[in-house]
Amino acid sequence: QVQLVESGGGLVQAGGSLRLSCTASGRTFTTYVMAWFRQAPGKEREFVAQINWRNGSTYDDSVKDRFTISRDNAKNTVYLQMNSLKPEDTAVYYCAARRGLVVGGTKSADFNSWGQGTQVTVSS
């Protein structure tokens, strides 16, 4: 497993932007598919986006065209740029990782390394 540390959460008004970062430990970052999930109060954790080492990516429909996932393999870091934020985007955002070279499953159980989470709050 890989150790993950997120940063970049905070409070923003609706329509604003935030960028989350997640840095991974180790020297095998390119062998991991990286993802972002989120969990709102009283709801299950849900998939947001994922990216493989060659920047192939998938998104949940609720964030497509507003969020962009990217990675810098030299820095062992994955990013989530969030634009046009809505109050319903309020959640704890988690970085996740799994061994693999292609994007695929979007369930929490598909990933076996998790960060501690960072709070994103969007006010109306």
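Whatever comes next refers back to the structure up there.
What comes next concerns the included structure. Position numbers for residues count from 1 along each chain, tracking the sequence in the order it is written. Given that the model is predicted, a residue must reach a pLDDT of at least 70 before its local features are reported, and side-chain atom pairs must reach 80 or more before they are shown or counted; all residues, however, enter totals for whole chains, interfaces and linings. Excluded from the side-chain calculations are hydrogens and water; all other atoms, namely the structure's heavy atoms, are used.

**Remarks on the nonpolar core**
Side-chain atoms within 4.5 Å link the members of a nonpolar core, which is a set of buried Ala, Val, Leu, Ile, Met, Phe, Trp, Tyr and Cys residues. With a 1.4 Å probe rolled over the protein chains alone, any residue whose accessible area is under 20% of its type maximum counts as buried; one over 50% counts as exposed, and the rest are partly exposed. Membership of the largest hydrophobic core comes to 28 residues, with the highest contact counts inside it found for Met34, Trp36, Leu80, Met82 and Tyr93. Among the secondary structure elements, those contributing two or more residues to this core are strand S3 (18-24), strand S4 (32-39), strand S5 (46-51), strand S7 (67-72), strand S8 (77-82), strand S9 (91-99) and strand S11 (118-123). Leaving out residues up to four positions away in the same chain, Met82 has contacts with Gly16, Ser17, Leu18, Leu20, Arg66, Phe67, Tyr93 and Val120. Core analysis: the next-biggest nonpolar cluster, separate from the first, contains six residues, Val33, Ala35, Phe37 and Phe47 among them. Going along the chain from the N terminus, every DSSP run of H or I of four or more residues is numbered as a helix, and every run of E of two or more is numbered as a strand. Throughout, a residue-residue contact means that at least one pair of heavy atoms, one from each residue, lies within 4.5 Å.

**Observations regarding the side chain of Arg38**
Summarising the element assignment, Arg38 is placed in strand S4. A relative accessible area of 6% places Arg38 in the buried class. Here a polar contact is recorded for every N or O atom pair within 3.5 Å, except that within protein the pair must consist of a potential hydrogen donor and a potential acceptor, and residues adjacent in sequence are included only if both atoms are side-chain atoms. Within the structure, Arg38 has its side chain in polar contact with the side chain of Glu46 (distance 2.7 Å). For Arg38, the side chain forms a polar contact with the side chain of Tyr93, separated by 3.0 Å.

**A word on the sheet that holds strand S1 (residues 4-7)**
Neighbouring strands of a sheet are bound in pairs by backbone hydrogen bonds; such pairs are parallel or else antiparallel. If you walk across this open sheet you meet the four strands as S1-S3-S8-S7, and the pairing is antiparallel. Edge strands, defined here as strands with exactly one partner in the open sheet, are S1 and S7. Averaged over all pairs of adjacent strands, the angle between strand axes in this sheet comes to 15°, irrespective of strand direction. Inspection of the sheet shows S1 paired to S3 by four bridges, in the antiparallel sense. Residue pairing in the sheet places Ser7 in a bridge with Ser21 of S3. Note on pairing: two strands pair once DSSP finds at least 2 bridges between them. Orientation is described by lines fitted to C-alpha atoms, with helices fitted over the stretch in contact, and by angles between N-to-C directions that extend from 0 to 180 degrees.

**Concerning the side chain of Thr118**
By the secondary structure assignment, Thr118 is in strand S11. By relative accessible area, which is 12% here, Thr118 ends up buried. Of note is the side chain of Thr118, whose polar atom sits 3.2 Å from the backbone nitrogen of Gly9.

**Quick word on the packing of aromatic side chains**
Ring pairs shown here join Phe, Tyr and Trp side chains whose ring centres sit within 6.5 Å, with only the six-membered ring taken for Trp; geometry is labelled stacked below 30 degrees between planes, edge-to-face above 60, and tilted in between. This structure, assessed with the given rule, holds four aromatic pairs. Consider the rings of Phe37 and Phe47, whose centres lie 5.7 Å apart with planes at 75°: the pair is edge-to-face. Linking Phe37 in strand S4 with Phe47 in strand S5, this pair joins segments that are 10 residues apart in sequence. In this pair, the class of Phe37 matches that of Phe47, namely buried. Geometrically, the ring pair formed by Tyr94 and Trp114 is edge-to-face, given 6.5 Å between the ring centres and 80° between the ring planes. Of this pair, Tyr94 sits in strand S9 while Trp114 sits in strand S10 (residues 113-114), and the two are 20 residues apart along the sequence. Pairwise contacts between aromatic rings join Phe37, Phe47, Tyr94, Phe111 and Trp114 into one cluster. The ring of Trp114 is capped by Arg45, whose NZ or CZ atom sits 4.7 Å from the centre of that ring. One Lys or Arg, Arg71, reaches over the ring of Phe29 and ends 4.3 Å from the middle of that ring. When the NZ atom of lysine or the CZ atom of arginine is within 6 Å of a ring's centre and also within 35 degrees of its normal, the charge is said to sit over that ring.

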